[in-house]
Amino acid sequence: MAIRLAVPNEIVPGERRIALEPGVAQRLIKMGVEISMEKDAAISSHFSDEQFEGVKIVDSVDELYKNADMIFKVAPPTLEELDKMNDGTVVVGYMAPHLNAEMMNKMNEKKITSFSMELVPRITRAQSMDALSSQAAIAGYKGVLMGADLASVFFPMLTTAAGTIRPAKVVIIGAGVAGLQAIATAKRLGAIVEAYDVRSATKEQCESLGAKFIDTGVAADGEGGYARELTDDEKQQQRDVLAKHIAMADVVVSTAAIPGRPSPKIIDEAMVKDMKVGSVIVDLAAEGGGNCVLSQPGETVDHEGRVTIHAPLNVPSQVPIHASEMYSKNLFNLISPFILVDEDQNDAKLVFDWEDDVISKCVLTHEGEIKAEMYK
Ligand code: NAD
């Protein structure tokens, strides 16, 4: 019997991505996977049902889930969605497992095999499966465009009949995946870019993209290539140096994050007060509370008529076509090695190799057992 894959409409307000795009659907169909999709599920990502050739379009989500062995999702399944799924279904998507204990219990009760895209390990072999990276790159790019849009100045230097326009100064805080893409985007737009991160390896990466690295003298390399939290002294030292650079900036794009912790507060009120009139902060760390103390996640704040503080949520969703394409390929690259195709019978079945160091790290629940380390 073929694998029956189902893709529902994403129900979280504002979520415009879809977990399957037409090209990946074709690749799965060629492998013998039968695909059903909820009617108009991909409309918000600008893919029509007609583009999904060979995919069965289903009117109701109840029917969709009733006939599924595997479900691809973007946002974590709600309890109501889980109720509709068959026992033993495989569910793959973002799961935010640390925030969703009830979801975990329900998936476990229903013997669902669940995989969390957030837990795909950041190893070289898994780069093509790494949704955190693919979506962070989109956020970095789009964050700079938002900054350029809100700015009161041009980004590039312009020589015009009305005089020469100086290029904008852009400061990028946090030079992980989003930050590096933000540097590259701001450079392409012609800005003068400075960048800062607490991990020592980032200096060379920032410079190779054409940014000047801000050296605060603080190095806080943590485990697994991530940053660690700063001590109070380090925070003060970082603040003193950064404040001078932020005061000169037209646009600040901040992306700093520490895994499993709220976003570090890097820009305080006094730093905002010293910023140029008309300057902009785009706080891409808003999902974790923000890097600026004045950020209001999901809002754009006009601080005292001087500084615009923009703290958007779910930025990748604002580039829905490419975000869906990249996310969908991440899911395909994670799952397809475990689709075993029997050519004679034109049959496909899912056989997971639990010794595999990617799949074994991102599985949350399987056969009535909670596998996620954080729940042990
Ligand atoms: P992230 O989203 O967790 O954090 C963004 C950046 O914020 C990081 O560079 C971090 O160092 C920085 N940061 C944290 N606290 C800060 C502070 N107080 N001030 C300034 N900056 C601060 O990171 P990410 O983009 O997901 O990447 C994290 C790491 O994973 C990097 O080392 C990256 O190279 C690595 N990575 C590896 C792979 C792979 O090999 N497959 C894929 C993606 C990322």
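For the structure itself, consult the block above.
Figured I'd write up the structure that's included with this text. (Residues numbered from 1 in each chain as written. Predicted model: local features only at pLDDT ≥ 70, side-chain atom pairs only at ≥ 80, totals over all residues. Heavy atoms only, no water.)

### Notes on the overall build of the protein chain
Worth spelling out the cut-off: Numbering of helices and strands runs from the N terminus, with a helix taken as a DSSP run of H or I at least four residues long and a strand as a DSSP run of E at least two residues long. Between the two quantities, the radius of gyration covers C-alpha atoms and the globule rule is 2.2 Å times the number of residues to the power 0.38. Only protein chains enter the accessibility calculation, which uses a 1.4 Å probe; a residue is then buried when its area is under 20% of its type maximum, exposed when over 50%, and partly exposed in between. Contact between two residues is taken to exist if any of their heavy atoms lie within 4.5 Å; hydrogens are not considered. Accessible areas in this description were obtained via Shrake-Rupley with a 1.4 Å probe; residue shielding takes into account the shown protein chains only. Only four residue types enter the charge count, namely Lys and Arg as positive and Asp and Glu as negative; His and the chain termini do not. By convention, the charge on Lys lies at NZ, on Arg at CZ, on Asp at CG and on Glu at CD.
Counting secondary structure elements, the protein chain contains eleven helices and 19 strands. Taken over C-alpha atoms, the radius of gyration comes to 23 Å for the protein chain, in line with the 21 Å a tight globule of 376 residues would show. Looking at the protein chain as a whole, 51% of its 376 residues qualify as buried. When contacts within the protein chain are restricted to residue pairs at least 6 apart in sequence, those whose partners lie at least 24 apart make up 62%. Summed over all atoms, the accessible surface of the protein chain reaches about 17,400 Å², with 51% contributed by carbon and sulfur. Charge separation in the protein chain, taken as the distance between the mean sites of 37 positive and 55 negative side-chain charges, equals 5 Å.

### With respect to the nonpolar core
Put simply, the rule is: Buried residues of nine kinds, namely Ala, Val, Leu, Ile, Met, Phe, Trp, Tyr and Cys, make up a nonpolar core once their side-chain atoms join them within 4.5 Å.
Ranked by internal contacts, the top residues of the largest apolar core, which has 43 residues, are Leu28, Phe72 and Leu334. At the level of secondary structure, the elements contributing two or more residues to this core comprise strand S1 (4-7), helix H1 (22-30), strand S2 (34-38), strand S4 (70-72), strand S5 (90-93), helix H10 (320-335) and helix H11 (359-362). At five residues, the largest contribution of residues to this core is made by H10. Here leucine 28 is in contact with Leu5, Leu20, Val33, Ile35, Phe72, Phe332 and Ile339, once residues within four sequence places are set aside. With 26 residues, the next largest nonpolar core counts Val171, Ala220, Ala243 and Ile281 among its residues.

### Looking at the pattern of salt bridges
Spelled out, the test is: Basic side-chain nitrogens of Lys or Arg form a salt bridge, by our definition, when they fall within 4 Å of a carboxyl oxygen of Asp or Glu.
A complete count under the given rule lists 19 salt bridges for this structure. One salt bridge connects glutamate 229 with arginine 261, and the closest N-O pair in it is separated by 3.0 Å. Of this pair, glutamate 229 sits in the loop between strand S11 (212-213) and helix H8 (232-247) while arginine 261 sits in the loop between strand S12 (251-254) and helix H9 (269-273), placing them 32 residues apart in sequence. The exposure class of arginine 261 is partly exposed, given its relative accessible area of 45%. The salt bridge involving glutamate 369 is made with lysine 371; its shortest N-O contact spans 3.6 Å. For glutamate 369, a relative accessible area of 42% translates into the label partly exposed. By relative accessible area, lysine 371 is classed as partly exposed at 28%. Bridged by salt links that share partners, the residues Glu10, Lys73 and Glu81 form one connected network.

### Looking at the sheet that holds strand S10 (residues 192-196)
Short version of the rule: A pair of strands counts as paired when DSSP detects no fewer than two bridges linking them. Angles here are taken between N-to-C directions and fall from 0 to 180 degrees, while the axes themselves are lines fitted to C-alpha atoms, restricted in helices to the stretch in contact.
The mixed open sheet is built from seven strands, whose spatial order is S11-S10-S9-S12-S13-S15-S14. Since the sheet does not close on itself, it has two edges, and those belong to S11 and strand S14 (300-303), each with one partner. Inspection of the sheet shows strand S9 (residues 169-173) paired to S12 by four bridges, in the parallel sense. Residue isoleucine 173 lies in a different strand from S12, and its bridge partner there is serine 254. Set on the sheet, helix H5 (residues 131-150) makes contact with S9, S12, strand S13 (280-283) and strand S15 (307-310); between it and S13 the angle comes to about 155°.

### Topic: the environment of glycine 176
Examined against the element boundaries, glycine 176 turns out to sit in the loop between S9 and helix H6 (177-188). With relative accessibility at 27%, the residue glycine 176 sits in the partly exposed group. Residues contacting glycine 176, with those up to four places away along its chain left out, are Asp197 and Arg199.

### A few points about the site of the ligand
Under the convention used in this document: Any residue with a non-hydrogen atom lying within 4 Å of a molecule or strand is treated as near it. Amino acid classes used here: Ala, Val, Leu, Ile, Met, Phe, Trp, Tyr, Cys and Pro are nonpolar; Asp, Glu, Lys and Arg are charged; the rest, including Gly, are polar.
Around the ligand, the surrounding shell holds 24 residues, and the nearest of these are Ser133, Val177, Asp197, Arg199 and Gly225. Expressed as a share of its isolated accessible area of 840 Å², the protein-covered part of the ligand is 85%. Taken together, the residues that form the shell around the ligand break down as 13 nonpolar, seven polar and four charged.

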